[in-house]
2 protein chains.
Amino acid sequence: MNGPPTDDEAISAANRAFYDAFEAGDLGAMEQVWERSPRAVCTHPGWGTLRSWEAIRPSFELLFKRDDTLQFIVTSEEISLEGGVAWVTCDENLWSREFAGTAAALNVFVRDELTGSWRMVAHHASAVHSMQDEDGDR
Amino acid sequence: MNGPPTDDEAISAANRAFYDAFEAGDLGAMEQVWERSPRAVCTHPGWGTLRSWEAIRPSFELLFKRDDTLQFIVTSEEISLEGGVAWVTCDENLWSREFAGTAAALNVFVRDELTGSWRMVAHHASAVHSMQDEDGDR
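This is a predicted model, so every value here is computed, not measured.

**Quick notes on the sheet that holds strand β2 (residues 50-51) of chain B**
Residue and element names in this part refer to chain B. What the 6 strands build is an open sheet, ordered β2-β1-β6-β5-β4-β3; its pairing is mixed. Edge positions in the open sheet fall to β2 and β3 (71-82), since each of these has one partner strand only. The pairing of strand β5 (residues 100-111) with strand β6 (residues 118-127) spans 9 bridges and is antiparallel. Each residue of the ladder has a partner; that of A104, found in β6, is S126.

**Some points on the pairing of strand β3 (residues 71-82) of chain A**
Within a regular beta strand, the side chains point alternately toward one face of the sheet and then the other, so they alternate between its two faces. Relative to strand β4 (residues 85-95) of chain A, β3 of chain A is paired through 10 bridges, and the arrangement is antiparallel. Bridge pairing links E78 of chain A to T89 of chain A in β4 of chain A.

**Concerning the interface of chain B and chain A**
Counting residues at the interface gives 34 residues for chain B, matched by 34 residues for chain A. Note on chain B versus chain A: buried area summed over both sides is about 2,700 Å², and carbon and sulfur give 56% of it. Three residues stand out in chain B for area buried against chain A, namely R51, W87 and H124 of chain B, and they jointly supply 22% of the buried area on that side. There are 2 salt bridges connecting chain B and chain A. Of the charged contacts in the structure, one is a salt bridge between E82 of chain A and R39 of chain B, with a shortest N-O distance of 2.8 Å. At the boundary of chain B with chain A, the tally comes to 10 residue pairs in polar contact (both at pLDDT 80 or more). Counting only elements with at least two residues in the side of chain B that touches chain A, the list comes to β1 (41-43), β3, β4 (85-95), β5 and β6 of chain B. With 6 residues, the top contributor of residues to the side of chain B that touches chain A is β6 of chain B. Here the residues of the side of chain B that touches chain A are counted per class, giving 16 nonpolar, 10 polar and 8 charged.

**A look at the packing of helix α1 (residues 7-24) of chain B against helix α3 (residues 53-65) of chain B**
All names here are of chain B. Two elements in contact, α1 and α3, have axes whose closest approach is 9 Å; the angle formed by their N-to-C orientations is 50°. Viewed along their axes, α1 and α3 adopt a mutual orientation that is oblique. Contacts from F18, A21 and F22 of α1 reach α3 at F60, L63 and F64.

**Comments concerning the pattern of salt bridges**
A complete count under the given rule lists 12 salt bridges over all chains for this structure. Taking the shortest distance from any N to any O, the salt bridge between E61 of chain B and R57 of chain B comes out at 3.4 Å. Taken together, the residues E61 of chain B and R57 of chain B, both in helix α3 and 4 residues apart, mark about one turn of the helix. For R57 of chain B, a relative accessible area of 27% gives the class partly exposed. If you follow the salt bridges from partner to partner, you end up with E31, R57 and E61 of chain A in one network.

**Side note on the relation of the copies chain B and chain A**
If you rotate chain B by 180° and push it 0.0 Å along the axis, it lands on chain A with an RMSD of 0.0 Å. Taken together, the rotation and translation relating the two chain copies correspond to the operation of a two-fold axis. A shared interface surface links the copies, since 100% of the contact residues of chain B are contact residues in chain A too.

**Some thoughts on the environment of V85 of chain B**
Here V85 of chain B lies in strand β4. Residue classification places V85 of chain B among the buried residues on the basis of a relative accessible area of 0%. Taking the C-alpha atoms as reference points, V85 of chain B and R57 of chain B, 28 residues apart in sequence, are found 22 Å from one another. When sequence neighbours within four positions are dropped, the list of residues in contact with V85 of chain B reads E82 and V85 of chain A together with S80, V108, F109, V110 and W118 of chain B.

**Observations regarding the pairing of strand β6 (residues 118-127) of chain A**
Residue and element names in this part refer to chain A. Among the 10 residues in β6, 8 count as buried, and that is most of the element. Where strand β1 (residues 41-43) meets β6, 3 bridges bridge the pair, whose relative direction is parallel. When the bridges of β6 are listed, T43 appears paired with H124. Hairpin connection, strand β5 (residues 100-111) to β6: the antiparallel pair is bridged by 6 residues, and G116 has positive phi, about 80°.

**Considerations on α1 of chain B**
Residues and elements named next belong to chain B. The end-to-end C-alpha separation of α1 is 25 Å, in line with the 26 Å expected for 18 residues at 1.5 Å each. Those residues of α1 not exposed but buried are I11, A14, N15, F18, Y19, A21 and F22. On an axial view of α1, the arc spanned by its buried residues comes to 160°, and they lie on one face. Against α2 (27-33), α3, β3, β4, β5 and β6 lie the buried residues of α1. Backbone geometry just downstream of α1 places G25 in the positive-phi region, at approximately 60°.

Procedures and definitions
- Residues numbered from 1 in each chain as written.
- Chains lettered and ligands numbered in written order.
- Predicted model: local features only at pLDDT ≥ 70, side-chain atom pairs only at ≥ 80, totals over all residues.
- Heavy atoms only, no water.
- Pairing = 2+ DSSP bridges.
- Helix = DSSP H or I, 4+ residues; strand = E, 2+ residues; numbered from the N terminus.
- Contact = heavy atoms within 4.5 Å.
- Buried area = accessible area lost by both parts, 1.4 Å probe.
- Salt bridge = Lys/Arg side-chain N within 4 Å of Asp/Glu carboxyl O.
- Polar contact = N/O pair within 3.5 Å; in protein donor to acceptor, adjacent residues only side chain to side chain.
- Nonpolar A, V, L, I, M, F, W, Y, C, P; charged D, E, K, R; others polar.
- Axes fitted to C-alpha atoms, helices over the stretch in contact; angles between N-to-C directions.
- Parallel < 35°, antiparallel > 145°, perpendicular 65-115°, else oblique.
- Buried < 20%, exposed > 50% of the residue type's maximum accessible area, 1.4 Å probe, protein only.
- Least-squares fit on C-alpha atoms with pLDDT ≥ 70 in both.
- Expected span 1.5 Å × (residues − 1).
- Arc of directions from axis to C-beta.

What follows is the structure in structure tokens.
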């Protein structure tokens, strides 16, 4: 590719950087992904919503301390853009020693006017129940 | 209150209108809440993401046909605004004949430049697992 990235390319790269940081268990990289502000919000599967970077950071710290590495294959990425805000949906196909499954995610990014880079301000992921879950659970 | 509503008031009203339409099982009211466009996205608890109003509408039609009415008590609403886009987090405290529980939600709204009203473009809700769930499930 020649020339600067399009908005969609830059947003997709920001979304990819989130999953790369997650997969690598790299807290420093995760810090670069997020807007480290009070308005940042994060909902991990099955959790309540964490509000502000101060609350989100320790959740990744905790997750990254686990022995069980997560592998993500991200599919069905769809990007929508309105002004300086983008919302991205994708499927997180997860693989670890302990489990395999799919989570649906909604990620919101805001363009940093100073640097032009896209920062995550919201992440919400939830398990997509398989038919097997429906049989086996309550 | 005097004067026109602030942005936060208008966004909160749009968020409330979503839960009112849900509670009432009113598909016509739900249609007024949403931006009925291809970029609208909706993730119900445990579901994969529905993309486009054409896919979202039948999901509410189906839910509203159920005999079991949902009652919502919405708490912890937090609104963030950037240009013409707002993202809202809240807790959906749900009550029905069949179950009671809490879901975490992330809702995204876009300001309609013609009318000034706020339209939902993304809804993602997921069950917050109780400690009891953690003991009882897989």
